[in-house]
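Residue-level structure breakdown
Now for the letters of each chain:
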Amino acid sequence: QKEVEQNSGPLSVPEGAIASLNCTYSDRGSQSFFWYRQYSGKSPELIMFIYSNGDKEDGRFTAQLNKASQYVSLLIRDSQPSDSATYLCAGRQLAGSARQLTFGSGTQLTVLP
Amino acid sequence: GAGVSQTPSNKVTEKGKYVELRCDPISGHTALYWYRQSLGQGPEFLIYFQGTGAADDSGLPNDRFFAVRPEGSVSTLKIQRTERGDSAVYLCASSLTLVSTDTQYFGPGTRLTVL
């Protein structure tokens, strides 16, 4: 079982809608979570990170973390065609020697004009 | 400022050959990470450095893979006796420190194809 699981999609939403991307994790040592966006043929770029339970908002993006349920999500409001990409969820330990990111397989999002 | 750079951007080699992939991190970043990404998958951790030393190499798949960072800046990932299964995009990332909330910035990657 992978430590970070994502629904691979593809997920399609109409322009202007809310896109909801979900991620679950199995390693309770992973305490900070990162959402990266990756366009086809490009490298991942950070959207936002979260490490406290609850919601964190940044512009059109809201990350949600529920440590009891081991669940992380990313909401994209007012989705635009330029948001079409693969979204990667990654966990990272807060302490200890393992400082690398553990990624899920990614969810492919298509925003239809 | 300049981001993470990687060279070459593409590398085609034959099975059994030796390859070196280079990563130049963001200036001043002490932590450097190597990941490998296969098609349709998320990046998979290989190794990371804090300064010159490899702090965790638990992701290296076998002893054909080796990485160095002799002066605490540029890093080279070395693959001996390449196999077709080594074909992937090799991504390098750097972060200012190892603090868990520090952003890891990724380079453009090196696409390795082993024929």
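Computed from a prediction, not measured in an experiment: that's the story for all the values here. (Residues numbered from 1 in each chain as written. Chains lettered and ligands numbered in written order. Predicted model: local features only at pLDDT ≥ 70, side-chain atom pairs only at ≥ 80, totals over all residues. Heavy atoms only, no water.)

Here we take up the overall build of chain A. Within chain A, the regular secondary structure consists of 0 helices and 11 strands. When the helices and strands of chain A are listed from N to C terminus, the series reads β-β-β-β-β-β-β-β-β-β-β. Expected size for 113 residues packed as a compact globule is a radius of gyration near 13 Å; at 14 Å, chain A falls within 12% of this value. Overall, chain A is about 45 × 30 × 20 Å in size when its C-alpha atoms are taken along their principal axes. Expressed as a percentage of its 113 residues, the buried residues of chain A come to 44%. Computed over 10 positive and 10 negative side-chain charges, the separation of the two mean positions in chain A equals 7 Å. (Helix = DSSP H or I, 4+ residues; strand = E, 2+ residues; numbered from the N terminus. Rg over C-alpha atoms; globule rule 2.2 N^0.38 Å. Buried < 20%, exposed > 50% of the residue type's maximum accessible area, 1.4 Å probe, protein only. Lys, Arg positive; Asp, Glu negative; His and termini not counted. Charge placed at Lys NZ, Arg CZ, Asp CG, Glu CD.)

Along the backbone of chain B there are 0 helices and 11 strands. Reading the secondary structure of chain B in the N-to-C direction produces β-β-β-β-β-β-β-β-β-β-β. Taken over the C-alpha trace, chain B has a radius of gyration of 13 Å; the compact-globule value for 115 residues is 13 Å, and the two agree within 12%. By its C-alpha atoms, chain B is 40 × 25 × 25 Å across when sized along the principal axes. Counting the 115 residues in chain B, one finds 48% classified as buried. Of the contacts formed within chain B by residues at least 6 apart in sequence, a portion of 54% connects residues at least 24 apart. With the model as given, the accessible surface of chain B reaches about 5400 Å², and the carbon-plus-sulfur share is 49%. Looking at charge distribution, chain B has the averaged site of its 11 positive side-chain charges lying 8 Å from that of its 11 negative ones. (Contact = heavy atoms within 4.5 Å. Areas by Shrake-Rupley, 256 points an atom, 1.4 Å probe, with all protein chains shown as cover.)

The tally for this structure, following the rule as stated, stands at 12 aromatic pairs over all chains. Seen from their ring centres, F103 of chain A and Y35 of chain B are 5.8 Å apart, and the 85° between their planes marks the pair as edge-to-face. Of the two residues, F103 of chain A is situated in strand β10 (residues 102–103) and Y35 of chain B in strand β4 (residues 31–37); the pairing between them involves two chains. Look at F103 of chain A and you get buried, because its relative accessible area is 4%. Look at Y35 of chain B and you get buried, because its relative accessible area is 0%. A centroid spacing of 5.5 Å and a plane angle of 45° characterise the contact between Y35 of chain B and F106 of chain B, whose relative ring orientation is tilted. With Y35 of chain B in strand β4 and F106 of chain B in strand β10 (residues 105–106), this pair connects stretches of sequence that are 71 residues apart. A connected cluster of aromatic rings, assembled from ring pairs, spans Y36 and F103 of chain A together with Y33, Y35, F45, Y48 and F106 of chain B. (Phe/Tyr/Trp six-rings, centres within 6.5 Å; stacked < 30°, edge-to-face > 60°.)

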